[in-house]
Amino acid sequence: MSQVHETGTATRAPSGPSRDLKLAQLTKEYATFTAVKALDLVVPQGKFFALLGPSGCGKTTTLRMVAGLETPTSGTIHLGDTEITYDKPYKRPVNTVFQNYALFPHLNIAKNVAFGLERRGIKDHKKQVADMLELVELTSQAHKKPTQMSGGQQQRVALARALINQPEVLLLDEPLGALDLKLRRGMQLELKRIQTEVGLTFVHVTHDQEEAMTMADTIAVMNQGVIEQMGAPNELYENPRTTFVANFLGQSNLIAGEIEGRDGDLVKVRVQGAVASIPADRAHSESGKGWLGIRPEKVLIAEAGQPIDAPGDVITGGYVTDVSFVGVSTQYMVKMPWGQELMVFEQNTGARRMLPVGTKVDISWRPEFAFLLDASQDAKAGIEED
Ligand SMILES: Nc1ncnc2c1ncn2[C@@H]1O[C@H](COP(=O)(O)OP(=O)(O)OP(=O)(O)O)[C@@H](O)[C@H]1O
Ligand SMILES: [Mg+2]
């Protein structure tokens, strides 16, 4: 039987001091491979936390250590002041929802949801089951069998089955992975609603950056067993600290530059003949070579010689090499005089015509939106291959 039923029978501690989930120097080594490397992480109690990273970066391994399904090689796991590193899975106030739901096919929905309570010998659970089914909006489906339900409905049953145990922490390992895109979008909002309603700590693992940004209060971006950066979605997006984060969370233009140094609250960078100013709190390197980063939607574009509404320098001499119309925006590729192609996303306000391939253009951006990264990093890190 799936491990999901072996975990999370211990229930929530009474309210009191904070029950943040804390991972300290958590490491998992397999024979020839270190899957998780000295991970330090605090998941604040009651928050929706997303662990985001590409396939194989160690997300599931991390979750399995928190659930007690995998023994760490070293490091500790605490819930508040209580250490749980080596506790048996069923002793932890933690439940897991996996991608494949693992519902009991022979039990109806209500019985699936009641399972955890039954197992703890709680017989009078009618009201709890009814409340849970209401929470996940499946009251009318209580007597169906799992095979008679859609993927999204089964997913909600799995969620109700975990939540009824009142865990302190709910671990979700790509729970929406089996759903098609439209259903996924719906379920993301649904999950967020449920989390807000029950106020539990959710740790949600995903490799879908849009999913993480839609749902999470805090995102930790994981790469090759380490956390690259952690913060609120907009913080990470607006001010990435590594090329991996800049490319994995959305898309970025990274332009090679020579850092001239700090000047008050700004760091000056020489890029292709012009000098750009980067706010010091967005400059993650202060000398030598650097990558000047600018998000495609922050780049302003105009036909050569036309005014651009930006206070910074205008870079001339580009031309459009590709145009994609995607409804809300138009995405341009612009070849710059130094040979690099930059991405420029423009909102379709209708203010002016789409610029066809071959159009000579100027570009610019507001300096406060640029960021600066150390050039020792690979500019292509985190770009997902199709
Ligand atoms: N039992 C094991 N023995 C050896 N290596 C393992 C074992 N389990 C996992 N790994 C390796 O550890 C790394 C991390 O695996 P993990 O399952 O945590 O990745 P993940 O981030 O969840 O990826 P995905 O998004 O594909 O689910 C992978 O490279 C994997 O091959
Ligand atoms: Mg995984």
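Only a predicted model underlies this, so the values are computations on that prediction, with no experimental measurement involved.

(A) Expanded view of the packing of helix H2 (residues 109-119) against helix H3 (residues 126-135). Remark: H2 packs on H3, axes separated minimally by 10 Å, with the N-to-C direction vectors making an angle of 120°. Viewed along their axes, H2 and H3 adopt a mutual orientation that is oblique. The handedness of the crossing between H2 and H3 comes out as right-handed. Taking contact as the criterion, the partners of Ile109, Ala110, Val113, Ala114 and Leu117 in H2 are, on H3, Gln128, Val129, Met132 and Leu133. Residue composition of the contact of H2 with H3, grouped by class: 8 nonpolar, 1 polar and no charged.

(B) Focus on the pattern of salt bridges. Going through the model one piece at a time under the given rule, you end up with 18 salt bridges. Across the pair Asp131 and Lys127 runs a salt bridge whose closest N-O atoms are separated by 2.8 Å. In this pair, Asp131 and Lys127 both sit in helix H3, 4 residues apart, roughly one turn of the helix. Judged by relative accessible area, which is 36%, Asp131 ranks as partly exposed. Lys127 gets classed as exposed once you look at its relative accessible area, which sits at 59%. For the salt bridge of Glu286 with Arg262, the shortest nitrogen-to-oxygen distance reads 3.3 Å. Taken together, the residues span a long stretch of sequence, with Glu286 in the loop between strand S13 (274-279) and strand S14 (288-294) and Arg262 in strand S11 (residues 253-263) at a distance of 24 residues.

(C) Local environment of helix H4 (residues 151-163). Along its 13 residues, H4 runs 18 Å from first to last C-alpha, staying within 8% of the 18 Å computed at 1.5 Å per residue. Taking burial as the measure, the 13 residues of H4 include 12 buried ones, the bulk of the element. Residues of H4 that are buried: Gly152, Gln153, Gln154, Gln155, Arg156, Val157, Ala158, Leu159, Ala160, Arg161, Ala162 and Leu163. On the buried face of H4, the contacting elements are strand S6 (94-97), H2, H3, strand S7 (169-173), helix H5 (181-198) and strand S8 (201-206).

(D) Here's a closer look at the sheet that holds strand S18 (residues 341-347). Taken in spatial order, the 5 strands line up as S15-S19-S16-S17-S18 in an open sheet, and their pairing is antiparallel. For this open sheet the edge positions go to strand S15 (300-303) and S18, each flanked by a neighbour on one side alone. Pairwise comparison of adjacent strand axes, ignoring direction, gives a mean angle of 45° for this sheet. Note: strand S16 (residues 315-325) against strand S17 (residues 329-335), 6 bridges, orientation antiparallel. Looking at S17, one finds that Phe325 is bridged to Thr330.

(E) A look at unusual backbone geometry. The backbone of Glu137 shows a phi angle near 60°, a positive value even though the residue is not glycine. The residue Glu137 is located in the loop between H3 and H4 in this model. In this structure, Gln166 is a non-glycine residue whose phi angle is positive, near 45°. Examined against the element boundaries, Gln166 turns out to sit in the loop between H4 and S7.

(F) Structural view of the site of ligand 1. Lining the immediate environment of ligand 1, one finds Tyr30, Phe33, Ala35, Pro54, Ser55, Gly56, Cys57, Gly58, Lys59, Thr60, Thr61 and Glu174. Interatomic distance of 2.5 Å between a side-chain N/O atom of Ser55 and an oxygen atom of ligand 1. Isolated, ligand 1 exposes 640 Å² of accessible area, and the fraction of that covered by the protein chains is 59%. Only strand S2 (33-43) and helix H1 (59-67) provide two or more residues apiece to the shell around ligand 1. With 3 residues, H1 is the single largest residue contributor to the shell around ligand 1. Of the residues that constitute the shell around ligand 1, the class distribution is 5 nonpolar, 5 polar and 2 charged.

(G) View of the packing of aromatic side chains. For the structure on display, the rule yields 3 aromatic pairs. Judged by centre distance (4.6 Å) and plane angle (45°), the rings of Phe104 and Phe115 are tilted. Placement of the pair is Phe104 in the loop between S6 and H2 and Phe115 in helix H2, with a sequence separation of 11 residues. Taking the centre distance of 5.3 Å and the plane angle of 10° together, the rings of Phe244 and Phe248 count as stacked. Note that Phe244 and Phe248 are positioned in helix H8 (residues 243-248) at a spacing of 4 residues, about one turn of the helix. Between the NZ or CZ atom of Arg295 and the centre of the ring of Tyr237, over which it lies, the distance is 3.9 Å. The positively charged end of Lys298 is found above the aromatic ring belonging to Phe369, 5.3 Å away from the centroid.

Reading the values: the criteria
Residues numbered from 1 in each chain as written. Chains lettered and ligands numbered in written order. Predicted model: local features only at pLDDT ≥ 70, side-chain atom pairs only at ≥ 80, totals over all residues. Heavy atoms only, no water. Axes fitted to C-alpha atoms, helices over the stretch in contact; angles between N-to-C directions. Helix = DSSP H or I, 4+ residues; strand = E, 2+ residues; numbered from the N terminus. Parallel < 35°, antiparallel > 145°, perpendicular 65-115°, else oblique. Left-handed = near helix turned anticlockwise from the far one by under 90°. Contact = heavy atoms within 4.5 Å. Nonpolar A, V, L, I, M, F, W, Y, C, P; charged D, E, K, R; others polar. Salt bridge = Lys/Arg side-chain N within 4 Å of Asp/Glu carboxyl O. Buried < 20%, exposed > 50% of the residue type's maximum accessible area, 1.4 Å probe, protein only. Expected span 1.5 Å × (residues − 1). Pairing = 2+ DSSP bridges. Near = heavy atom within 4 Å. Polar contact = N/O pair within 3.5 Å; in protein donor to acceptor, adjacent residues only side chain to side chain. Areas by Shrake-Rupley, 256 points an atom, 1.4 Å probe, with all protein chains shown as cover. Phe/Tyr/Trp six-rings, centres within 6.5 Å; stacked < 30°, edge-to-face > 60°. Lys NZ or Arg CZ within 6 Å of the ring centre and 35° of its normal.

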